[in-house]
Amino acid sequence: MIAADLLAWYDRHARVLPWRAPPGSNAADPYAVWLSEVMLQQTSVATVRPRFAEFLERWPSVEALAAAADADLMAAWAGLGYYARARNLLACARAVVREHGGRFPDTEAGLRTLPGVGDYTAAAVAAIAFGRRAVVVDANVERVVARLFAIAQPLPAARPPIRAAAETITPEARAGDFAQAMMDLGSGVCTPRAPKCLLCPLRGDCAGFASGTPETFPAPKTKAAKPQRHGTVFWLERNGAVWLVRRPDKGLLGGMRALPTGAWSDAPPALAGAPADAAWRMTGVRVDHVFTHFRLQLALAKAVEPSQPDGEGEWWPIAELDKAGLPTVFAKAARQGNEA
DNA sequence: CAACCGTGGCG
DNA sequence: TCGCCAAGGTT
């Protein structure tokens, strides 16, 4: 009995995580569960742990979060990546307050209508916060199930059979614990490489283990090479302050505060796109950064005492740059721009 | 369906 | 050093 064996293992080995209800308690707060699930999308537990605590202290309820200023929320999310999550987080909190009286929908279908809540998150919140039976499938569950049933097709073709198999082992009772147990198992035992099968409570029911090569499931999807792109980042300084802009809501680093940049191209550019007339100096500093689907190298240009910059922006005190909420690539550029 | 969208840690 | 990977969602 896979679910019973897994739940017994979970009762002994569950990770203690701040967004989980204390052992023996059913007091999961839907707001905290939802917030943690959004933060955990494609983001490691170790990264989320301190940021979750910051958010929950600063915005203890969905009403408090819904009342946050956009700029404050975006700055608080800086460094976590996938910034559409932050925009959707705010839109979702406001929808819950305005359209649902401040209470999260308690069904998978109701949750699924909220911004930033997809199939996985709707199922996870329904199961963990509301005790609903829901089939929760994330990357951990995909791997565990592909091995349990020795599903050999490559992703994403393997998703429908994986989901069908997950459906057959999801219990009616304790569906939230079952989902978290599957994720704990995938994270710590049924790992992508070198799975620890000798520690696994499901070893006896695992077709992948029986095959002798459990680590080959699921077959990986082929990944495209990352192209190299280039651009210029502008450090514009006056009276101990630097000129910052806000990026458009859509696209890369959307909605985030940033240093001005020119357009990006396939080859090292010059000063096109400078935010003001000034005695620009190419510093020779290069800022390298890797995004999900391309590499970027920014050449750092620097100037002081310019004319009034073109367009919208703000002079930000250099001594307080750590409070500006810059995405990592611009935090790196700013640190080097200040020294160059 | 596939492209787009960040970042940090680890082997 | 570098590729892989993570509690995915949107278009």
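Residues numbered from 1 in each chain as written. Chains lettered and ligands numbered in written order. Predicted model: local features only at pLDDT ≥ 70, side-chain atom pairs only at ≥ 80, totals over all residues. Heavy atoms only, no water.

Enquirer: I'm lost on the side chain of R143 in this one. Help?
Expert: If you trace the backbone, R143 turns up in helix α9 (residues 139-148). No salt bridge is formed by the buried R143, whose closest oppositely charged neighbour, D138, lies at an N-O distance of 7.4 Å. With near-sequence residues (within four places) excluded, R143 lies in contact with G186, S187, C190, T191, P192, F217 and P218. (Helix = DSSP H or I, 4+ residues; strand = E, 2+ residues; numbered from the N terminus. Buried < 20%, exposed > 50% of the residue type's maximum accessible area, 1.4 Å probe, protein only. Lys, Arg positive; Asp, Glu negative; His and termini not counted. Salt bridge = Lys/Arg side-chain N within 4 Å of Asp/Glu carboxyl O. Contact = heavy atoms within 4.5 Å.)

Enquirer: In this structure, what is going on with the protein's contact with DNA strand B? I would like to understand it.
Expert: Within the structure, DNA strand B sits among 18 residues, and Y83, L253, H289, T292 and H293 are positioned closest to it. At the protein interface, 61% of the atoms of DNA strand B within 4 Å belong to sugar or phosphate. In the model, a phosphate oxygen of DNA strand B is placed 2.4 Å from a nitrogen or oxygen of the L253 main chain. For the surface near DNA strand B, the per-class residue count stands at nine nonpolar, nine polar and no charged. (Near = heavy atom within 4 Å. Polar contact = N/O pair within 3.5 Å; in protein donor to acceptor, adjacent residues only side chain to side chain. Nonpolar A, V, L, I, M, F, W, Y, C, P; charged D, E, K, R; others polar.)

Enquirer: Is there a simple way to think about empty space enclosed by the protein in this case?
Expert: Where empty space is left can be seen by rolling a probe of water-molecule size over the atoms. Tallied over the entire structure, the rule returns two cavities of 30 Å³ or more. Quantified by volume, the largest cavity comes out at close to 100 Å³. Among the elements that make up the lining of the largest cavity, the one with the highest residue count is α9 (three residues). Computed from the structure, the second largest cavity encloses a volume of approximately 40 Å³. Taken together, A134, V135, V136, V141, A166, T170, F178, A179 and M182 form the lining of the second largest cavity. The greatest single-element share of the lining of the second largest cavity, amounting to three residues, is contributed by helix α11 (residues 175-188). Each residue belonging to the lining of the second largest cavity can be placed in one class, and the counts come to eight nonpolar, one polar and no charged. (1 Å grid on protein atoms, 1.4 Å probe; cavity = no way out; pocket = protein on both sides within 12 Å on 5 of 7 lines; lining within 4 Å. Points joined across faces, edges and corners; volume = space filled by probe spheres on them.)

Enquirer: How do you make sense of the layout of surface pockets when you look at a structure like this?
Expert: When its volume is computed, the second largest pocket comes out at roughly 440 Å³. Residue lining of the second largest pocket: 19 residues in total, with G81, Y82, L253, F291 and T292 positioned closest to the centre. Elements with a minimum of two residues in the lining of the second largest pocket: α6 (84-100), β4 (281-290) and α13 (328-339). Here the residues of the lining of the second largest pocket are counted per class, giving 10 nonpolar, eight polar and one charged. The residue makeup of the lining of the second largest pocket includes at least three contributed by each of domain 1 (2-216) and domain 2 (228-339). (Domains from an automatic or database assignment.)

Enquirer: Quick question: what am I supposed to make of the pattern of salt bridges here?
Expert: A side chain of one charge can pair with a side chain of the opposite charge if their charged atoms are brought near each other. Counting across every chain of the model gives 13 salt bridges. The partner of R98 in a salt bridge is E99, and the shortest N-O contact between them spans 3.5 Å. As far as the burial class goes, R98 and E99 line up, both exposed. As a salt-bridge pair, E167 and R133 come within 3.0 Å of each other at their nearest N and O atoms. Taken as a pair, E167 in helix α10 (residues 159-169) and R133 in the loop between α8 (119-130) and α9 lie far apart in primary sequence, 34 residues in all. The class for E167 is partly exposed, based on a relative accessible area of 37%. Members of the salt-bridge network, linked through shared partners, are D11, R174 and D177.

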